[in-house]
Every structure is written in C-alpha cells, then in structure tokens.
Amino acid sequence: QQQEAIGMETRPETFSIFRTQENDPACQSEQHLGQYYTVPPSHFHTVFPHGLPPRYQQQVKTFNEGCVMVRQPALELISHLKRADYSKPTLRYLLYGVKGSGKTMSLCHTVHYCSTQGWLVLHIPDAHLWVKNCKELLPSSYHASRFDQPIQASNWLRNFRTTNEHFLSKIKLRQRYVWTKRESTEEGRPLGELVDMGVSRVKSSSDVVGAVLKELRLQAGGTEGGFRLAVAVDGVNGLWGRTTLKKEDKSPVAPEELTLVHNLRKMINNDWEGFDSMDPFVPVPVSLYSEKEFESCYLYYLDRHWLQHPHSQTEEGKKELIFLSNRNPSVLERLCAFL
Amino acid sequence: MAASLTGLLKPWTPRVLLVRWSRYNPYYLEPEPRKEVYHIPETELTPEQKEERELKSVRPIKAATNSVTSSVFNDPVLSKFVNMMMKDGDKIIAKGIITQTLENMKRKQVEKYHKAPEGKKAEIECNPYAIFHQALENCKPVIGLASIQKGGKFYQVPIPLTDNRRRFLAMKWMITECRDNKHRRTLMYEKLSQELLAAFSKEGNVVKRKHELHKMAESNRAYAHYRWW
C-alpha cells in the first residue's frame, strides 16, 4: 500500500516519490499514502511464511526486496486497531472489494503491523484451501460425524510455529488433552509442545488445531499474561459456502462437518473470555488504484527495471496501460509482467 | 424468369458479406490500424493522402482481422511467431504461452540484474523483446539448400534465401526444437525461454542447427552452378 506523499520528503540521499523510509507500519500515516515501504528482510520469513499471494512472492524473489504499498484500507484498519477498546467485546473487520483490488495485500500489511506490535497473529492464508482439493479426509476421532484434514492442519501448524516463536513457550495450557490411550498433554505445558506434537503426529493435527484455537480463545483477554490476539482469515466466505469434497459414498460434505472449519467458525464467533455478545462487523472497502497510486506503482516498476518495452516508458504506453488494466492492481501486474 | 431479371436490375451489393476470408473483391480497400495517420491535421496532408482519404469515404473497406491492433505494443514478428506456435486455431493458448515466455525471460534477467555487482549491470539485457529479436537474428541461416534434379540424381544445391524464408526457418527450428528435444515434463514457456536465452548468447541447439546448414552449404559449393535462377 503506497501512501502518496503530498509533502515531499526532504531527505537528500534517498529522495523518491514512490518510496518511503518509514518501514514501521505503526508510524505510517496519510502522509505516506501511495508510497512503497520495504518489509525488512529479517522479518520477511518469520512474519509471512504463508499468506502472501503467489505472484507477489515471485515478485519479491525477482526484485530481491519486499515492498508493500501503503493504501487507504490498510491504514484505516490499522487506525481502528490502534484505537479500539479492548475491554469491550472483540471487533471484527471485513475487507471487501472486486477481484484483484488488493484485499490480501491489505490484510498482510495489517498482519505485519500486528506482529511488529507484538501481538499473537493467527493468519489463515486462504480458507478456500481447507474446503477444496483435499486429498485425504480422515473421519475425526474426537467427533463421529466430522472429518479431519491432516495435511492442511499440519502445514498450517508448521507456519504458525514460524510466525509466533516467542509466544509458544510463554503460553501455558489450561486443560489436559488426551490424544490416544498412550498420549496426552498435561495442564501447564507450554503451547509449543502442543504445536510440535501436532506437526509430528499428522493424524491428530486437526484436533491439535482445535485445541490451540480453544486455548488462545480462553487466554487472549486474560490480565496476567495478557497478549493481544489477532485472527486474520483470507477468503473467509469459504467457511460458509459449499465444499467440493465428497464422502466415500459420493455425497457432498458440508463445511460444518470439517473439524478445521468448525473450530475456526467458533473462533470468529468471538465468544472469547470476557466477551459474550456477537458483534456486527466493520466493513472496510478496498478500491482499485487511484491516479496517484497508479503513478506510484508505475514509477516503482520503472525503478525496478520491470517495464522493459520501450513503448511502455512513454506517455502513450502509460495511457494504454491505464486503459487496459482499468487501474486494477492485479491486472496491471499481469500486464506489466510481459511488457 | 421475371424474378431473375428483376434480380439483375438491383444495384450491386454482395449477398454474403465477406468478413473472415482473404478473397475480397478488389474493390475493397485495406484498413488502416495506425493511430498516427488519423491525427494528421487537414492542412498537413500531401495530395496523395488527400486523394486516399477521398477514396476511403466512397469505397468499402475490408474487415480488420483479429490480430491487427492499434496498440503501441503490437509487434508483427511476435504475432507471426504466435501464429506459428498455434495449434488447431487456438490463438489464446499460443499467445498465453508467448506472454509467459516473455515474463519468464524477463524475470530471470531482472533477477540476475539485481544480484549482479555494479560493473556488470550494464551488460545484462533485461528487455525480453530485444532478447527475442536478437535470438531470432542469431538463428536465421544466411544460405539454404535446395534439392535440384540433374541427370537423374538429386543434388543439395546452396541457394540464397529470401528474408521471409529465413525468418520462417528460424522460428520453425525454434518451435520444433522446443517441442521435440526437451524433457517431457517441462512446460513450453520454460523450454522456450531457456532456448531463446541460449540463442541470444549464440549457444544452444538451434544455432548449432544453423551452423550445420551453413557447413553443408559450404561443402556442396561445387554444385552451385546447378542453380539456374
């Protein structure tokens, strides 16, 4: 998300319209609208092991740096998070917009903010990955009519471990969990052990995910070891739609019958400790690029030597790009890829 | 009989309007897709251009084919390559493969560019179009062979090639090389980008094939007199 600077930055060495030196999401403001900030490379793999769109990951690899544009929806979300009253029931925010308008990137920007503030981030990269194209569906051991997805659950647990390393030893379990006749996790053990068990024992990983979510829900609001919990789900309407999965007798599986989806829905219902009622959500619209944002994007691509066609660097070419892409961020990206 | 006579008295309009085929009545004029031509103001037109405009207001014009654009990014050589790559008339897939190829080449080069030290940066060519054109140039043979019959036997005689034939051969070799001689599981755009980058630096199988053709032509120099044109 780029913030367009109306007042130019007066730093003599690195002066550019489309880049800002403010790499901390907490300090970014309307001044930086339309500019690109760089995610420090050290943070990159811990904060975003999953969750970034695949084309953006390719772009990061090509340009050797991860730059995100500061845009209005992300700034709005971050300001809401800064000013929300955390003693009241949790607020839910919904980013909505047309295809390719930058919802996932805004979400990732907010996730970056949350992790720089030291919150525990529960980032589900794409809820659609859990409701379609699952190769293995095991019947759940915990609940007879539900189905487990061991591969997806263990993948997610592995990424969760990478994102929230320092929380894993601090949070203690408040309940005893029994996995099989011989294995159980006692009360008071650190969360890290639970997660490791889920990663190694693939069969019970979905139940481990459920347990992790429950623990975090119970402990999030607590005053003693109080930490802030942020749940970010990309493609959240996948949790309530239809699945493409089928049972062995070829009848379709409803989303409620999947353990992962069931537990995640409970999480979004926000009956966390101390929070009783259900809240309506705050909608945050994500629009296509404005003129200034488009300019920024164009200059960024020029700077990174991405726009190579000689005509694309002229005014005519730029007008044609605006016409062809209608300022849609993803369409522009795909166009500039081969130009 | 009366019906056919009244039919002949009507002014001539074609019953079936030709829009896709190339056999138009010579009465029809070619369409002009370039934008610059229409931006010249009235005063700056030469007499020929004025005459042409008069003609265009009277005569019918052929329908423009799908491959003709007024876009600044239009490249005739690339369009020809796309058409040669196309199978069963599926231009969307062929165009998709070419765009992926260009993107792939650009990615590889830009990655190399960003990781290279300052001195080497200027030598790395990042423009996929420049690479494509240069690679094609490097693959074009200068001289070709024709099979000419003399005294009952057929001899391979070296002959000069026209520009169109050279371009056609270079593209054909490139495509067949990528389709046949590569690993089965790699995708076409990956194979094409590897081959084009190799041809750009004058290595790879296609330039080898060109060199072999040149050697054959050189070794058959004695038969050059069998050419009569």
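In this text the structure is predicted, and so the values were computed from the model without any measurement.

Calculation criteria
- Residues numbered from 1 in each chain as written.
- Chains lettered and ligands numbered in written order.
- Predicted model: local features only at pLDDT ≥ 70, side-chain atom pairs only at ≥ 80, totals over all residues.
- Heavy atoms only, no water.
- Helix = DSSP H or I, 4+ residues; strand = E, 2+ residues; numbered from the N terminus.
- Rg over C-alpha atoms; globule rule 2.2 N^0.38 Å.
- Contact = heavy atoms within 4.5 Å.
- Areas by Shrake-Rupley, 256 points an atom, 1.4 Å probe, with all protein chains shown as cover.
- Lys, Arg positive; Asp, Glu negative; His and termini not counted.
- Charge placed at Lys NZ, Arg CZ, Asp CG, Glu CD.
- Buried < 20%, exposed > 50% of the residue type's maximum accessible area, 1.4 Å probe, protein only.
- Expected span 1.5 Å × (residues − 1).
- Patch = residues over 30% accessible without salt bridge, like charges linked within 9 Å, V, L, I, M, F, W, Y side chains within 5 Å.
- Salt bridge = Lys/Arg side-chain N within 4 Å of Asp/Glu carboxyl O.
- Polar contact = N/O pair within 3.5 Å; in protein donor to acceptor, adjacent residues only side chain to side chain.
- pLDDT = per-residue confidence, 0-100.
- Buried area = accessible area lost by both parts, 1.4 Å probe.
- Nonpolar A, V, L, I, M, F, W, Y, C, P; charged D, E, K, R; others polar.
- Phe/Tyr/Trp six-rings, centres within 6.5 Å; stacked < 30°, edge-to-face > 60°.
- Lys NZ or Arg CZ within 6 Å of the ring centre and 35° of its normal.

Draft legend 1. The arrangement of the overall build of chain B in detail. Of the regular secondary structure elements, chain B holds nine helices and two strands. Start at the N end of chain B and walk to the C end: the helices and strands fall as α-α-α-α-α-α-β-β-α-α-α. Against the globule reference of 17 Å for 229 residues, chain B gives a C-alpha radius of gyration of 25 Å, more extended than a compact globule. Principal-axis analysis of the C-alpha atoms places the extent of chain B at approximately 75 × 60 × 40 Å. Taking all contacts inside chain B whose residues are at least 6 apart in sequence as the whole, residues at least 24 apart take part in 64%. Entry remark: accessible area of chain B is about 15,700 Å², with carbon and sulfur atoms responsible for 54%. Across chain B, 41 positive and 26 negative side-chain charges occur, with their mean positions spaced 7 Å apart.

Draft legend 2. Seen up close, unusual backbone geometry. One non-glycine residue, Arg327(A), adopts positive backbone phi at about 65°. The class of Arg327(A) is partly exposed, set by a relative accessible area of 23%. One non-glycine residue, Lys202(B), adopts positive backbone phi at about 60°. With respect to the helices and strands, Lys202(B) occurs in the loop between helix H8 (188–200) and helix H9 (205–219).

Draft legend 3. Region of the structure containing helix H9 (residues 205–219) of chain A. Taking 1.5 Å of rise per residue, the 15 residues of H9(A) would be expected to cover 21 Å, and the 21 Å separating its terminal C-alpha atoms lies within 8% of that figure. By the criterion of burial, H9(A) is predominantly enclosed, with 13 of the 15 residues buried.

Draft legend 4. A look at a negative patch on the surface. All names here are of chain B. Among the surface-exposed residues, Glu48, Glu51, Glu52 and Glu54 lie close enough to one another that they form a single negatively charged patch. With respect to the element layout, glutamate 48 can be found in helix H3 (residues 47–58). Its relative accessible area of 57% is what places glutamate 48 among the exposed residues.

Draft legend 5. Inspection of the side chain of Lys140(B) at higher detail. Residue and element names in this part refer to chain B. Here lysine 140 is to be found in the loop between helix H6 (128–139) and strand E1 (143–150). Its relative accessible area of 13% is what places lysine 140 among the buried residues. Within the structure, lysine 140 has its side chain in polar contact with the side chain of glutamate 137 (distance 3.2 Å). When sequence neighbours within four positions are dropped, the list of residues in contact with lysine 140 reads Arg166, Arg167, Ala170 and Lys210.

Draft legend 6. View of the confidence of the model for chain A. Residue and element names in this part refer to chain A. Here chain A averages 83 in pLDDT, while 91% of its residues score no lower than 70. Across residues 1–13, confidence stays below pLDDT 50; counting only partners more than four residues off in sequence or on other chains, it has 54 contacts. Throughout residues 274–278 the model reports pLDDT below 50, and contacts reaching past four residues in sequence, or to other chains, amount to ten contacts.

Draft legend 7. Region of interest: the interface of chain A and chain B. Counting residues at the interface gives 24 residues for chain A and 18 residues for chain B. Summed over both sides, the interface of chain A with chain B buries roughly 2,000 Å², with 57% coming from carbon and sulfur. The interface formed by chain A and chain B holds three salt bridges in total. Among the salt bridges present, the one from Glu316(A) reaches Lys35(B), with a minimum N-O distance of 3.9 Å. Linking chain A to chain B there are twelve residue pairs in polar contact (both at pLDDT 80 or more). Among the elements of the structure, helix H2 (54–63), helix H12 (315–325) and helix H13 (329–338) of chain A are those that each provide at least two residues to the side of chain A that touches chain B. For the side of chain A that touches chain B, the element with the highest residue contribution is H2(A), accounting for six residues. Of the residues assigned to the side of chain A that touches chain B, the class counts are eight nonpolar, ten polar and six charged.

Draft legend 8. Representation of the packing of aromatic side chains in the model. This structure, assessed with the given rule, holds 15 aromatic pairs over all chains. Plain terms: the ring middles of Trp156(A) and Phe160(A) are 5.2 Å apart, the flat faces sit at 20° to each other, and that makes the pair stacked. Taken together, the positions of Trp156(A) and Phe160(A), both in helix H6 (residues 150–163) and four residues apart, correspond to about one turn of that helix. Here the aromatic rings of Tyr223(B) and Tyr226(B) are separated by 5.6 Å at their centres, their planes lie at 25°, and the arrangement is stacked. The exposure class of Tyr223(B) is partly exposed, given its relative accessible area of 29%. Members of the aromatic cluster, each reached through a chain of ring pairs, are Phe18(A), Tyr36(A), Phe63(A), Tyr300(A), Tyr301(A) and Trp306(A). Here Lys106(B) stacks its cationic end above the ring of Trp306(A), 4.1 Å away from the centre of that ring.

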